[in-house]
Amino acid sequence: MTKYIIRRLLWNIPVLFLIAATTFGLSRALPGGPFDFAGDRSLPESVRENLKRKYNLDAPIYVQFADYMMDLMRGDLGPSFRYRNQTVNDILKQTFPISFQLGILSLALGLLIGIPAGIIAALNHNQWLDYLSSFVAILGVSIPNIVLGPFLIWIFAVKLGWFPAAQWGVDYTELYFGFIPPMNSDFWSHAALPTITLGTALSASIARLTRASLLQVIREDYIRTARAKGLPERTVIIVHALKNSLIPVVTILGPLFAGVVTGTFVVEQIFGIPGLGRHFVQSVTNRDYPVVMGTALLYSVLLVLANLFVDIAYAWLDPRIRYD
Amino acid sequence: MSQGDVLLDVQGLKMYFPITEGILIQHHIGDVKAVDDISFTVRRGETLGLVGESGCGKSTTGRAVLQLYRPTAGHVYFDGVDLTTLKGEELRRMRRRMQMIFQDPYASLNPRMTVGDIVGEPLEVHGIAKGKEKLDRVAELLEVVGLNPYFVTRYPHEFSGGQRQRIGIARALAVNPEFIVCDEPISALDVSIQAQVINLLEDLQAQFGLTYLFIAHDLSVVRHISDRVAVMYLGKIVELADRNELYENPLHPYTQALLSAVPIPDPEIEAQRQRIILKGDVPSPVNPPSGCRFHTRCPVVIDVCKEVEPEFKDAGGGHYVACHLVH
Ligand SMILES: Nc1ncnc2c1ncn2[C@@H]1O[C@H](COP(=O)(O)OP(=O)(O)OP(=O)(O)O)[C@@H](O)[C@H]1O
Ligand code: SF4
Ligand SMILES: [Mg+2]
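One structure accompanies this document, and this report is about it. (Residues numbered from 1 in each chain as written. Chains lettered and ligands numbered in written order. Predicted model: local features only at pLDDT ≥ 70, side-chain atom pairs only at ≥ 80, totals over all residues. Heavy atoms only, no water.)

Right, let's talk about the packing of aromatic side chains for a bit. In this description, a pair of aromatic rings is defined by centroid distance and the angle of the planes. Taken as a whole, this structure holds 16 aromatic pairs over all chains when the rule is applied. With a centroid separation of 6.1 Å and an interplanar angle of 45°, the aromatic rings of Phe24 of chain A and Tyr68 of chain A are classed as tilted. Placement of Phe24 of chain A in helix α1 (residues 2-29) and of Tyr68 of chain A in helix α3 (residues 61-73) is noted, with a sequence separation of 44 residues between them. Ring centres 6.1 Å apart and planes at 50° place the aromatic pair Phe78 of chain B and Phe179 of chain B in the tilted group. Remark: Phe179 of chain B occurs in strand β7 (residues 179-183) and Phe78 of chain B occurs in strand β4 (residues 73-78); sequence separation between them is 101 residues. (Phe/Tyr/Trp six-rings, centres within 6.5 Å; stacked < 30°, edge-to-face > 60°. Helix = DSSP H or I, 4+ residues; strand = E, 2+ residues; numbered from the N terminus.)

Okay, the environment of Gly235 of chain B next. Residues and elements named next belong to chain B. Along the chain, Gly235 falls in the loop between β9 (228-233) and β10 (236-242). Judged by relative accessible area, Gly235 falls into the buried class, the value being 0%. Spatially, the C-alpha atoms of Gly235 and Val321 are 15 Å apart, while their sequence positions differ by 86 residues. Residue contacts for Gly235: discarding those within four places in its chain leaves Lys33, Ala34, Val35, Asp36, Ile38, Cys56 and Arg293. (Buried < 20%, exposed > 50% of the residue type's maximum accessible area, 1.4 Å probe, protein only. Contact = heavy atoms within 4.5 Å.)

Residues and elements named next belong to chain A. Where helix α5 (residues 128-142) meets helix α7 (residues 185-217), the closest approach of the two axes is 8 Å, and the angle between their N-to-C directions is 135°. Taken as axis vectors, α5 and α7 run oblique relative to one another. Helix-helix and strand crossings are classified by hand; for α5 and α7 the assignment is left-handed. Only Thr200, Ala201, Ala204, Ser205, Arg208 and Arg211 of α7 make contact with α5, whose side of the interface consists of Asp130, Ser134, Ala137, Ile138, Gly140 and Val141. Its residues assigned to classes, the contact of α5 with α7 shows five nonpolar, four polar and three charged. (Axes fitted to C-alpha atoms, helices over the stretch in contact; angles between N-to-C directions. Parallel < 35°, antiparallel > 145°, perpendicular 65-115°, else oblique. Left-handed = near helix turned anticlockwise from the far one by under 90°. Nonpolar A, V, L, I, M, F, W, Y, C, P; charged D, E, K, R; others polar.)

With that out of the way, let us pick up the site of ligand 2. Inspection of the region around ligand 2 gives His252, Pro253, Cys292, Phe294, His295, Cys298, Val300, Cys305, Pro310, Cys323, His324 and Leu325 of chain B as its neighbouring residues. Within the shell around ligand 2, the residues separate by chemical class into nine nonpolar, three polar and no charged. (Near = heavy atom within 4 Å.)

Across a sheet, strands are paired by hydrogen bonds formed along the backbone, either parallel or antiparallel in direction. Residue and element names in this part refer to chain B. Spatial strand order, β2-β1-β4-β5: four strands in an open sheet with antiparallel pairing. With partners counted over all chains shown, the strands left at the sheet margins are β2 (27-43) and β5 (81-82), one partner each. When strand β1 (residues 6-21) meets β4, the two strands line up antiparallel, connected through five bridges. The partner of Gln11 across the bridge, within β4, is His75. Contacting β1, β2 and β4, helix α1 (residues 58-65) crosses the sheet at an angle of about 115° to β1. (Pairing = 2+ DSSP bridges.)

Note on the magnesium ion (ligand 3): its protein donors are Ser59 of chain B (OG) and Gln103 of chain B (OE1). The metal-donor distances range over 1.8 to 2.6 Å. In this pair, Ser59 of chain B sits in helix α1 while Gln103 of chain B sits in the loop between β6 (98-101) and α3 (115-125), placing the two residues 44 residues apart along the sequence. (Donors = N, O, S within 2.8 Å, 3.2 Å for Na, K, Ca; no water.)

We now examine the packing of helix α4 (residues 88-123) of chain A against helix α13 (residues 289-317) of chain A. Residues and elements named next belong to chain A. Taken N-terminus to C-terminus, the directions of α4 and α13 make an angle of 50°; their axes are 10 Å apart at the nearest point. On the basis of the axis angle, α4 is oblique to α13. As α4 runs across α13, the sense of the crossing is right-handed. Across the interface between the two elements, Val88, Ile91, Leu92 and Phe96 from α4 touch Pro290, Val291, Gly294, Thr295, Leu298 and Leu302 from α13.

To continue, consider the pattern of salt bridges. Residue and element names in this part refer to chain B. Under the criterion given, the structure shown has 22 salt bridges over all chains. Among the ionic pairs, Asp136 bridges to Lys132, the shortest N-O distance being 2.9 Å. You can see Asp136 and its partner Lys132 sitting in helix α4 (residues 131-144), four residues apart, about one turn around the helix. You can call Lys132 exposed: its relative accessible area is 59%. Each of the salt bridges in this network shares a partner with another, and the network as a whole consists of Asp5, Arg44, Asp79, Arg97 and Glu178. (Salt bridge = Lys/Arg side-chain N within 4 Å of Asp/Glu carboxyl O.)

Each side of the interface is counted separately: chain A has 21 residues, and chain B has 27 residues. Counting the surface lost from both chain A and chain B, the interface buries some 2300 Å², and carbon and sulfur atoms represent 58% of this. Linking chain A to chain B there are two salt bridges. Linking chain A with chain B are 11 residue pairs in polar contact (both at pLDDT 80 or more), by the criterion used here. Residue assignment for the side of chain A that touches chain B shows that the elements contributing at least two residues are α8 (221-228), α9 (233-245) and α13 of chain A. In terms of residue class, the side of chain A that touches chain B is built from nine nonpolar, six polar and six charged. (Buried area = accessible area lost by both parts, 1.4 Å probe. Polar contact = N/O pair within 3.5 Å; in protein donor to acceptor, adjacent residues only side chain to side chain.)

Given below as structure tokens:
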């Protein structure tokens, strides 16, 4: 198993190199450049040329790529072209923990609601509880965050006044492990609504998947075997059916995790959260090449690691899967 | 003819699976009449063979008898107790006395439990043994079915089909049942292994005084192991008789057709064997034919067959048959 993990990690190096090369090529292939505009004004030709020279953008593309990769080896993702006095490392360091924390909380909420809801629906297949939870799940999947977020703000922040609206007042002076803001009541008052917004969609898709998978597993012969043994129904479901039915859920957890901890543009915009999500979008419109590269690479690393964890979890869930 | 008291008495058993349609609200639009009003008895210590084509309702019968499906109608008396009226805890306790060996040894064992857990779980659930005692009993059971007790920590996928079926048998035996439904226990196995498993089942029956309902679609296997044989067609039992009587003197045209397809070991008789080829397909159990269900394919059909359902009754000496030509 350890050997397998090391081999997988080594294999991921060329994969990440390929991703870096592709992202590099694609971002440069976009028309326009990072210095076409400063605010609303377009910059004079001479200023642009100077800036390009400063950032080495006038060199041939393969030289730029080689330079970038050399810096990358040292862990330096380069300067941001748009936020002039910040490096990409700075930006990631400031914004990623915020998105990460919010993402983990939402995912936890999604699992906490989604899995039990899926189980309840499956066990009451084609009865009103199933219809009800399927209906809520479809609603949850199909209401976009851009609708749900403002709706929650309107009810809980504006009408009821329970939470502050559209601001992120989290205190970053005292951090656990150097990056986790303390989860006090102040934190929750800001994080509750965005967590619910993100968690709703997640729990809805997790519930649907759990239901479908469990429905399939409880029709298997070995479940009938378990019943024939005379086990109480609870044992049949929890011991025999549930673990087998969690495999598809675990499968989507990898990509879900990578997606959600790197922040969501829409939710961060709605709630005024200074997270990483907006950099994914803005860096591309700004042609801020180093930020594009940095966010894409961070996402890829997370995805690759999450999928490795998923594969390890498989081996635990299903003894037929063995790695060596 | 094996005598003895009746262990299992099935009366008017029906198992319908509803067919529903609709997106939000499900409408009941019909039923799959998988088992439609069948009655039979199984005596203590005997083996009743149940044969018929694929889809005729054999497995459904076995499962409905054991209450793995709740029957739509009818009664199942096990040692005098009507199982269809039992619920929850009472039914669970009865399960100790009746077990099932499943058709597919690949699908019927939980892939993520070890052999020890699969066989040992019922012991614990029914409070028969736990801890060290349980482990000893599991090892003993594995030995009884001819497996190495050393296999307890292995998972089902590490075994061949024949070995898996032995695990399934050990599991069924764990609770010391009196009655076992064997649902085509060998049809998924290699021919070379089939005989071994059959012999094992026979040995166990002798050793533990078991009663079997033995389901198969292969008439030669049933002939070997059964005391009496029931023939099923499209959810109904059409003929039931002592083994030798049924094979030597089949009364129902469907049984005759099935038997005509079985090769005879004696080459001289085999040369004269006349195959009765049934025309058409098995009709759907959703809309079974009126009157005698076999009339659409029966080679000797008469007019009355299309309207009146023949009664399933004794044609003499405990040879039951449902056909207008006989009665
Ligand atoms: N759970 C179910 N829901 C709906 N229909 C079912 C169900 N189980 C069985 N049936 C239907 O009932 C009929 C009888 O099925 P059953 O499995 O009892 O046949 P069988 O005689 O055991 O066949 P085989 O030899 O292939 O195992 C079939 O038409 C089948 O499609
Ligand atoms: S009742 Fe009629 S149709 Fe049915 S088996 Fe007998 S002869 Fe054939
Ligand atoms: Mg079957």
